Amino acid sequence: MNLIKKISYLLAITIISSACSSDDDAGNVIDDTPQGDFDNGILVTNEGPFGTGTGTVSFITEDLSTVEEQIFQTVNGSDLGNIVQSLGFYEDQAYIVANNSSKITVVNRYTFEEIAVIENDLENPRYFLTVGDTGYVTNWGDPFDNSDDYVAVIDLETQTVSSTIPVSFGPERLVANGDKLYVAHSGGFDYNNVVSLIDTNSNTVDTTITVGDVPNSVVLDGVNLWVLCGGKPAFTGNESNGSMYQINTATDIVSQSFDFGATDHPSNLVFDASDLYYGLNGEVYQMKTIASGLPTSSVLSGSYYSLTANDGKLYATDAADFQSSGTLKVFDLLDFSEITSLEMGIIPGGVYFNN
Amino acid sequence: MRFLICTIFVVFYSTFALAQLDSIQRLETVYLTDPKLKKFSEGYQLQEISDSTLERTTYSLTNTLRNNSTIYFRENGYGMVSSASFRGTNAAQTAVIWNGIPINSSLTGQTDFNTIAPNAFDELTIKSGGGGAAFGSGAVGGSIHLNNSVEFVEQQTSEVRLGYGSFDTFFGNFKLRKSAENWYMDLAAQAISSENNYEYLEQDRLNENGAFKNANISFNSGWKWKQHTVSFHSNYFKADRNLSGTLTAPSEENYKDETTRNLITWNFRKGNWNHLTKVAHLYERYQYLPNKENELYFQGKARTTITNYQLDHHISEKIKLTGLLDYTHIEGEGSNIGRNSRNTMAAVLLGKHELSSKFTYGFHLRQEFLNDFQNPLLFGLDAKYRISSTYHLSVNASRNYRIPAFNDLFWNAGGNMSLQPENSYQADIGNDFHFGKFNATIRGFYIASTDLIKWQPNAQGIWSPVNIAETENYGWEFSGTFQHHIKEHRFTADLNYAYTKAIDKERDKQLIYVPFHKLTGILKYSYKNTALSFQTLTNGEVFTTTDNRGTLAGYTVANLGGEYTVYINKHPLLIGGAVNNLFNRYYENVAFRPMPNRNYTLFINFKF
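Cut-offs applied
- Residues numbered from 1 in each chain as written.
- Chains lettered and ligands numbered in written order.
- Predicted model: local features only at pLDDT ≥ 70, side-chain atom pairs only at ≥ 80, totals over all residues.
- Heavy atoms only, no water.
- Helix = DSSP H or I, 4+ residues; strand = E, 2+ residues; numbered from the N terminus.
- Rg over C-alpha atoms; globule rule 2.2 N^0.38 Å.
- Buried < 20%, exposed > 50% of the residue type's maximum accessible area, 1.4 Å probe, protein only.
- Contact = heavy atoms within 4.5 Å.
- Areas by Shrake-Rupley, 256 points an atom, 1.4 Å probe, with all protein chains shown as cover.
- Lys, Arg positive; Asp, Glu negative; His and termini not counted.
- Charge placed at Lys NZ, Arg CZ, Asp CG, Glu CD.
- Pairing = 2+ DSSP bridges.
- Axes fitted to C-alpha atoms, helices over the stretch in contact; angles between N-to-C directions.
- Buried area = accessible area lost by both parts, 1.4 Å probe.
- Salt bridge = Lys/Arg side-chain N within 4 Å of Asp/Glu carboxyl O.
- Polar contact = N/O pair within 3.5 Å; in protein donor to acceptor, adjacent residues only side chain to side chain.
- Nonpolar A, V, L, I, M, F, W, Y, C, P; charged D, E, K, R; others polar.
- Core = buried A, V, L, I, M, F, W, Y, C linked by side-chain atoms within 4.5 Å.
- Phe/Tyr/Trp six-rings, centres within 6.5 Å; stacked < 30°, edge-to-face > 60°.
- Lys NZ or Arg CZ within 6 Å of the ring centre and 35° of its normal.
- pLDDT = per-residue confidence, 0-100.
- Patch = residues over 30% accessible without salt bridge, like charges linked within 9 Å, V, L, I, M, F, W, Y side chains within 5 Å.

Quick look at the overall build of chain A now. Looking only at helices and strands, one finds three helices and 28 strands in chain A. What you see for chain A is a C-alpha radius of gyration of 19 Å, in line with the 20 Å of a compact globule of 355 residues. Reported as C-alpha extents along the three principal axes, the dimensions of chain A are approximately 50 × 45 × 40 Å. Counting only residues that meet the buried cut, chain A has 58% of its 355 residues in that class. In chain A, once contacts between residues fewer than 6 apart in sequence are set aside, the share between residues at least 24 apart is 44%. For chain A, the exposed surface amounts to about 12,900 Å²; the carbon and sulfur share of it is 47%. Averaging the positions of the 11 positive and the 48 negative side-chain charges in chain A gives two centres separated by 3 Å.

Okay, here's the thing in structure tokens:
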């Protein structure tokens, strides 16, 4: 476990990959001995059927040639829980977040053997991220109550929730920059418009930064935080446009923002090399971080449930009818050609790189 | 393999009877609230659930129908929301008709069979096959008819039933019936409450948050004066249920239902003409609490007023015609559907011709107006040929539909106001065999449906219903009964089997939660005052994902019942008990929702 590797895990968690990931691959050559059946490959979380049933994790070999389904069930003979929302890494461990079951299953990320289950003090957990030796998990609490939302602080030694940080409602995705943790509040069942900044030394909210309505995804490009806001959908009776916010992480002030059309509701912002990617109206757009405006033409067609960019490739999941196997499509970011299409579990929603 | 077992079972016991009713002889003393049901169903299968079965139904209509018919039920844990699939059709394609009035929810389009009290009506008839022309929207796979009988005979009976079962289940009902030559009344009340905290076998867990209670009061009355008969029917139901969690997710949900139904009928007969006028008012309300500890809830309610005039004319002994005009006004209101209303006018013409003593045929036509849908002309044709005293052939074919429910049209977000009715054509052919003690029916069916309403994510990622799905259902059903007695030893056996293919045409896959095989069997033995019954239900494997990769194992559950009757001043007191899930099998009816382990019921039933 070298430092670069550790950092790349952190980045992978937040669906970011930076330019250094290619260096990372080069560095892997030294210690590329697989540490388990699921080392050197891709993990995909499948939410599972809504309402009843369990989510699953699929494993894809690094060469994208084979897929192994339901690896947690196969190894442990038990279920991960209802709505497997996301997954995060810490050292040799993977933290698998089951939203509706309000639990996190801790496994060895290479063998997928269960290590612990965290259930106490979690309520509708969403995303997991580590800063240093501490884990952070966004929680909606009761999704119909806008006053009980929090970020749970996880002691990664004891695998318990050590404290909770009350935050604005609907905390969703998070990214870290040094000891600063940025939490985007899409609003859960409601609609919010802030990013919370948590000081991980004191585990308190430093400030909240107002952005556009429904910040659904966030990425770091090294210097700036990019926040993609979906806007309020039409059925709310109070529709608002989507928007892209750039926040300077040195000052934590919005440096610029771009508005989408009045009825445009983008989602799934990801970052690779020096480019941002997002989905809008059945198209995927590419935007330079130095661009002075939003792109007008798309690079790819297709309505995807999730996007993940990593090392020159775009991983796009399709949940089909949400009641049957979904698919993962992999595109080459150089020419946007499709490299492969693989069958996943039910509602594939997160792609994570296990190397 | 399972099929083989079924076949062996059939051959081995060879025992079945007819659950088929022919046109019932109409007793002048009995006033029918829905005469068209039996009069115009010659080519259809009508299965009547007997009084003795209804009297022994403890909890809900789900249990009665599940164990005594080929209808498959999808129940979200015991006592929870329960929807019917008739011949592989969806829950909104099974019409429930109360005294001739359709009572499927205007909000969801379906009936939750755990919200119908089994002692609130006297006759339960299952009509297989499409009956859209006679009964309107939703009678696609078949229809279930709940009728109250009004009898003008001198009588006074009372019945009290009290019971206790596992999981702190208490139930009781009371029914008083009093009538004379020209008037009738009955009053019935029923209540049940259960902790329903059964054990999940091999899981070391209980069914948490599954408690339910409900109560029902019904009142029926009638008066006869010269050629006039007037009847009044009223029913009130209220339920309060927590909704069970699943194996993977806990639940704090709670659901409350409330329905009232009121109906006045006036029948005037003169010569060969009969006028039947009905005015009905239905009220339904639900309240859903995502967390029962909190005050937040979502609700919906609907009020329906139905005015309906039916004219029957017997052109001759052999040719009978019925015309019907129906005006329905529905007002719906709710947290997610705003305030909306719908008016529908329907004109119906039904005819029957007994060409000979052996051959009868009929036709059914319905045209609706006023509402915003494209209203196709619905039709039905049916015929019955009594080839011999032991063999009858019956056929029917029809075009049916299901209009979108208020939730489909107005739900925020996603409701689609441009939805059109679901369309369906069906054909059904039946063979009835009567051999004295042994009666059997074998029917084959075919249903082709288009424009089925399916909720799917739209371009904005919002779930929205569209008229997109197409299905093709076909299969066959067997039902039989056998009765025999040797001196005072009486044996009866009933068996129902259905093989159902329900194909999603787009994927060419079986629809989820439609088993290929369903089998129910009941064996009864009685001697003097003692009776024993053994009941089994087999649901075959079902698919849980639309690509048929996810499956839920099939299961067989058996129940054993026994009862003993003593007489107190010549009034029968029945003491009974049952062991449900006799072999303590673990099973799930819906994936990740375990059903009860072995459990016990005790009851007494006193008539005076």
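In terms of regular secondary structure, chain B is built from six helices and 38 strands. What you see for chain B is a C-alpha radius of gyration of 23 Å, in line with the 25 Å of a compact globule of 608 residues. Each of the three principal axes of chain B carries a C-alpha extent, and together these read 70 × 65 × 45 Å. Out of the 608 residues belonging to chain B, those deemed buried represent 57%.

Residue and element names in this part refer to chain A. Read across the open sheet, the four strands follow the order β8-β9-β10-β11; overall the sheet is antiparallel. This sheet does not close on itself; its edge strands, each paired only once, are β8 (125–131) and β11 (160–166). Strand-to-strand twist in this sheet, taken as the mean axis angle between neighbours without regard to direction, amounts to 25°.

All names here are of chain A. For strand β14 (residues 194–199), the buried fraction is high: five of the six residues fall into the buried class. Relative to β14, strand β13 (residues 180–185) is paired through six bridges, and the arrangement is antiparallel. When the bridges of β14 are listed, His-185 appears paired with Val-194. Where β14 and strand β15 (residues 204–210) come together, six bridges link them in antiparallel fashion. Residue Val-194 lies in a different strand from β15, and its bridge partner there is Thr-210. Linking β14 to β15, which pair antiparallel, is a turn of four residues; within it Asn-203 sits at a positive phi near 50°.

Time to look at the interface of chain B and chain A. For interface size, the figure often reported is the accessible area lost on association. Facing the 24 residues of chain B at the interface are 22 residues of chain A. Roughly 1,900 Å² is buried in total at the junction of chain B and chain A, and carbon and sulfur atoms are behind 54% of that figure. Looking at the side of chain B facing chain A, the largest losses of area belong to Thr-248, Arg-549 and Phe-592 of chain B, adding up to 25% of the total buried there. At the surface where chain B touches chain A, the tally comes to three salt bridges. Among the salt bridges present, the one from Asp-321 of chain A reaches Arg-507 of chain B, with a minimum N-O distance of 3.2 Å. Our count for the chain B to chain A interface comes out at 14 residue pairs in polar contact (both at pLDDT 80 or more). Split into classes, the residues belonging to the side of chain B that touches chain A amount to twelve nonpolar, eight polar and four charged.

On to the nonpolar core, then. Residue and element names in this part refer to chain B. Ranked by internal contacts, the top residues of the largest apolar core, which has 41 residues, are Tyr-78, Leu-107, Phe-406 and Tyr-513. Elements with a minimum of two residues in this core: α6 (406–410) and β34 (555–568). Among the elements that take part in this core, α6 stands out by supplying three residues, more than any other. Sequence-distant contacts of Tyr-78, defined by excluding residues within four places in its chain, comprise Tyr-59, Asn-63, Arg-66, Asn-196, Tyr-198, Phe-212, Met-595 and Pro-596. Membership of the second largest hydrophobic core comes to 25 residues, among which are Phe-73, Val-96, Ile-116 and Ile-306.

Turning next to the sheet that holds strand β16 (residues 215–220) of chain A. Residues and elements named next belong to chain A. Ordered by their spatial adjacency, four strands build an open sheet running β16-β17-β18-β19, and the pairing between neighbours is antiparallel. The open sheet has two edge strands with one neighbour each: β16 and β19 (253–259). Neighbour to neighbour, the strand axes of the sheet diverge by 20° on average, direction disregarded.

What follows concerns the packing of aromatic side chains. Enumeration according to the criterion identifies 31 aromatic pairs over all chains in this entry. Summarising the aromatic geometry, the rings of Tyr-304 of chain A and Phe-331 of chain A are spaced 6.1 Å apart at their centres and angled 65° between planes, so their arrangement reads as edge-to-face. Remark: Phe-331 of chain A occurs in strand β26 (residues 325–332) and Tyr-304 of chain A occurs in the loop between β23 (300–301) and β24 (306–310); sequence separation between them is 27 residues. With respect to class, Tyr-304 of chain A is no different from Phe-331 of chain A; both count as buried. By way of ring pairs, the aromatic residues Trp-140, Phe-144 and Phe-189 of chain A together with Phe-298 of chain B are connected into one cluster. The ring of Phe-89 of chain A has Arg-109 of chain A lying over it, and the distance from NZ or CZ to the ring centre is 3.9 Å. Directly above the aromatic system of Trp-98 of chain B lies the positively charged group of Arg-261 of chain B, at a separation of 5.2 Å from the ring centroid.

Attention shifts here to the side chain of Asp-547 of chain B. The topology assignment puts Asp-547 of chain B in the loop between β32 (542–543) and β33 (551–552). Lacking a salt bridge, the buried Asp-547 of chain B has Arg-549 of chain B as its closest oppositely charged neighbour, with an N-O distance of 4.7 Å. Non-local contacts of Asp-547 of chain B, meaning those with residues more than four positions away in its chain, are made with Ser-324 and Ser-325 of chain A together with Arg-507 and Lys-509 of chain B.

This part is about the confidence of the model for chain A. The predicted model of chain A has a mean per-residue pLDDT of 90, with 91% of residues at 70 or higher. Counted against residues more than four places away or in other chains, residues 1–29 of chain A, with its pLDDT under 50, gives 54 contacts.

Moving on: the environment of Val-542 of chain B. All names here are of chain B. Within the element layout of this structure, Val-542 appears in strand β32. Judged by relative accessible area, which is 3%, Val-542 ranks as buried. Sequence-wise, Val-542 and Gln-287 are 255 residues apart; in three dimensions their C-alpha atoms are separated by 31 Å.

Here we take up a negative patch on the surface. Residues Glu-91, Asp-92, Asp-133 and Glu-157 of chain A make up a contiguous surface patch of negative charge. Locating Glu-91 of chain A in the fold gives a position in the loop between β4 (84–90) and β5 (93–98).

Glancing now at the pairing of strand β25 (residues 313–318) of chain A. All names here are of chain A. Sheet topology note: the β24/β25 ladder contains five bridges and is antiparallel. Bridge pairing in β25 places Thr-308 opposite Tyr-315. Connecting β24 to the antiparallel partner β25 that follows it, the hairpin turn spans two residues, and Asp-311 within it adopts a positive phi of roughly 55°. Alignment of β25 against β26, held across six bridges, turns out to be antiparallel. Bridging from a neighbouring strand, Thr-317 pairs with Leu-328 of β26. Hairpin geometry of β25 and β26 is characterised by an intervening segment of six residues between the two adjacent antiparallel strands and by a positive phi of about 50° at Ala-320.

Once that is clear, we can look at a nonpolar patch on the surface. Nonpolar side chains collect at one region of the surface, where Phe-144 and Phe-189 of chain A together with Leu-296 of chain B lie side by side and expose about 270 Å² of accessible area between them. By relative accessible area, Phe-189 of chain A is classed as partly exposed at 47%.

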